[in-house]
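The primary structure of each chain is shown beneath.
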Amino acid sequence: MHDAVIVGAGFGGMGAAVELRRLGFDDLVILEREDDLGGTWHVNRYPGLAVDIPSPTYSYSFEPNPHWSRLFAPGEELKRYAAHVAAKYDLRRSMRFGVTVTSARWEDDHWEVVAGEETFAARYLVTATGFLSMPKTPDIAGIESFRGEVVHTAAWQPTDLRGKRVAIIGTGATAVQLIPGLAREAAAVTVYQRTPIWVSPKPDYPVPAVVRKLFARLPFVQRAVRWFGSAVLELMMISGVVHYRQLRVANRLAERWCRAHLHRQVRDPGLRRKLTPDYSFGCKRPTFSNDYFRTFTQPHVSLETSSITHVDGSGIVTANGRVDIDVLVLATGFDLWDVNFPAFEVTGRDGRDLGAWWRQNRFQAYEGVTVPGFPNYLSLNSPYSYSGLSYFTTIECQMTHMRRLFTAMRARGASGFEVTRRANDEFLERMRAKVSRNSVFSLGQCATAHSYYFNQHGEATLLRPTSTIGAQRAAGRFPLSDYDFLTDTGTAGGPADRPGRSTAPRPAGNPAS
């Protein structure tokens, strides 16, 4: 039996593996459906791919990268960074590629994970399948009848676009990166927009060699840059969103900054209106770009905002007419809430199906990590888990949570854990109250955003509605009495009388106990 099975070899799965190794668990199996590590930075290879936050904030704090070539690093550098981390922390020996997990089931005192004809038994299960891992194909009549080339941005294939008529459906963060490059190659580009996006200027500059050498020799300088960048992003992109009621001025300033950027680049008032969101800043993921808006001013690029009625063999038809095309690009994002929570069937104690339970009882996870009824299970891409703007903030908060949890488990002579239903319910109510009372998702104008932040019940359960500092503090100080610690037989040991019901009182005045 393995110590743990980790599903996913992206940055989340690698972070979990690093933490488990630090805790003394060496028999790990990391299962990855793709043919190499890196997660989204391996799968996505479209032209213009880059991080959409400053590079110094997009890395593990314990493994800074002083070699970013630009302030917003291109995708291939993120892929190389992932390979570097795997090599330094000796993770590849635990990785199995081309393995697609279909189900996992709790069996008395361990997990059985099924992947094809193989079954892996492990004491602990960690799912790190990512938030954006299931590409979404639009439900448009006739799309399968198109005789030209169809490509999704998450399955990009190199193609010669010179002299071709290209249509792209979608104007999210991926499309913002991709569209300028398409326009530089194609003879004609038609962009089909359902929802405009808030875009701010991108201070993307090459990082001078002298600065890179300084970062390598004096890591504390890079840490200071990282801290400053994170603070600016927290104020601009997070505070005005999750603390909208208290910091509405930050939200308004971000919106005006984006409007001014659009006005500088697009002089045509009609085109500006089409590109201006009618929802509050933060309801939908914003992004950075210096050339997205300007692209629409080129004569061979057109913006279509009428709904698509259908696709036929040679083009796209809207209420405004039809456009004949040679290549159809789908920048339609990912399906989070229908197929990605969870990404495969997870069955816990007493036959509880996680996907069904989430959909019937609200999407929820204690501190964005654990779920009642699912012993020895860590879900890294979970409701209320995403904290801050950099994904690495989320990963490291979860690593801290794991460290505190496993250390406490061992101190009690236990081999398992399960969050209590009481603790989970209290956490869920706190998060729902914060979203309802403070966030732009409840107090702003989000009805027209069509944002993946909202699940099928209309609840914004993806982002943790607290500050980054608050999330980090909670990860290291959550009450240990919120967990039952289990013996090898799967029954609770220590202060709790049975899984799911903790009888241990919280020590007064010390939430970290």
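Rules used in this analysis
- Residues numbered from 1 in each chain as written.
- Predicted model: local features only at pLDDT ≥ 70, side-chain atom pairs only at ≥ 80, totals over all residues.
- Heavy atoms only, no water.
- Pairing = 2+ DSSP bridges.
- Helix = DSSP H or I, 4+ residues; strand = E, 2+ residues; numbered from the N terminus.
- Axes fitted to C-alpha atoms, helices over the stretch in contact; angles between N-to-C directions.
- Patch = residues over 30% accessible without salt bridge, like charges linked within 9 Å, V, L, I, M, F, W, Y side chains within 5 Å.
- Areas by Shrake-Rupley, 256 points an atom, 1.4 Å probe, with all protein chains shown as cover.
- Salt bridge = Lys/Arg side-chain N within 4 Å of Asp/Glu carboxyl O.
- Lys, Arg positive; Asp, Glu negative; His and termini not counted.
- Charge placed at Lys NZ, Arg CZ, Asp CG, Glu CD.
- Buried < 20%, exposed > 50% of the residue type's maximum accessible area, 1.4 Å probe, protein only.
- Contact = heavy atoms within 4.5 Å.
- Polar contact = N/O pair within 3.5 Å; in protein donor to acceptor, adjacent residues only side chain to side chain.
- Core = buried A, V, L, I, M, F, W, Y, C linked by side-chain atoms within 4.5 Å.

Draft legend 1. Spotlight on the sheet that holds strand S14 (residues 315–318). Reading across the sheet, the 3 strands line up as S13-S14-S15 and stay open at both edges, with antiparallel pairing between neighbours. Single-partner strands in this sheet number two, and they are strand S13 (308–311) and strand S15 (321–324). Looking at each pair of strands side by side, their axes are set apart by 20° on average, direction ignored. Strand direction decides the pairing type here: S13 and S14, joined by 3 bridges, are antiparallel. Residue pairing for S14: Ile-308 is matched across the bridge by Thr-318.

Draft legend 2. A positive patch on the surface, seen in detail. A cluster of basic side chains, namely Arg-245, Arg-430, Lys-434 and Arg-437, defines a positive patch on the protein surface. Within the secondary structure layout, Arg-245 lies in the loop between helix H6 (219–242) and helix H7 (248–265). For Arg-245, a relative accessible area of 48% translates into the label partly exposed.

Draft legend 3. Structural detail: the sheet that holds strand S8 (residues 165–169). The strand order across the open sheet formed by 5 strands is S7-S16-S8-S9-S12, and the pairing between neighbours is parallel. Each having just a single partner strand, strand S7 (149–152) and strand S12 (301–304) make up the two edges of the open sheet. Adjacent strand axes in the sheet meet at a mean angle of 20°, parallel and antiparallel pairs treated alike. Where strand S9 (residues 188–192) meets S12, 4 bridges bridge the pair, whose relative direction is parallel. Each bridged residue has a counterpart across the sheet, and for Val-189 the counterpart in S12 is Val-301. Against the sheet, helix H4 (residues 173–185) makes contact with S8, S9, S12 and strand S16 (327–330), and its axis sits at roughly 175° relative to S8, the strand it touches most.

Draft legend 4. Seen up close, unusual backbone geometry. Cis geometry marks the peptide bond from Phe-341 to Pro-342; its omega dihedral reads -5°. Here Pro-342 is to be found in the loop between S16 and strand S17 (345–347). In this structure, Arg-362 is a non-glycine residue whose phi angle is positive, near 80°. Relative to the helices and strands, Arg-362 resides in the loop between helix H10 (354–361) and strand S18 (377–379). Accessibility expressed as a relative area gives 35% for Arg-362, which makes it partly exposed.

Draft legend 5. A look at the side chain of Gln-193. Position of Gln-193 among the secondary structure elements: in the loop between S9 and strand S10 (199–200). One polar contact links the side chain of Gln-193 to the main-chain carbonyl oxygen of Lys-274, over a distance of 2.8 Å. Those residues within four positions of Gln-193 in sequence are excluded, and the remaining contacts are Thr-171, Lys-274, Leu-275, Tyr-292, Leu-303, Glu-304 and Thr-305.

Draft legend 6. Examining the environment of Ile-179 more closely. Along the chain, the position of Ile-179 falls in helix H4. On the basis of relative accessible area, Ile-179 is assigned to the buried category, the value being 0%. Taking the C-alpha atoms as reference, Ile-179 lies 9.3 Å from Phe-296; in sequence the two are 117 residues apart. Leaving out residues up to four positions away in the same chain, Ile-179 has contacts with Ile-168, Gly-170, Val-191, Tyr-292, Thr-295 and Phe-296.

Draft legend 7. Here's a closer look at the nonpolar core. Counting 140 residues, the largest nonpolar core has Phe-11 and Phe-406 as its most contacted members. The biggest single contributor to this core is helix H11 (residues 391–411), with 9 residues. The contacts of Phe-406, once residues within four sequence positions are left out, are Leu-20, Leu-23, Phe-25, Tyr-124, Leu-378 and Phe-417.

Draft legend 8. Broad picture of the pairing of strand S19 (residues 416–419). Side chains Gly-416 and Glu-418 of S19 all project onto a buried face; the interleaved residues Phe-417 and Val-419 project onto the opposite face, where all are buried too. Examined bridge by bridge, S19 and strand S20 (residues 483–486) share 4 bridges and lie antiparallel to one another. Bridging from a neighbouring strand, Gly-416 pairs with Leu-486 of S20.

Draft legend 9. The pattern of salt bridges, seen in detail. Throughout the structure, instances matching the rule amount to 26 salt bridges. Here Glu-19 makes a salt bridge to Arg-403, at a shortest N to O gap of 3.0 Å. You can see Glu-19 sitting in helix H1 (residues 11–22) and its partner Arg-403 sitting in helix H11, a full 384 residues away along the chain. Given a relative accessible area of 1%, Glu-19 falls into the buried group.

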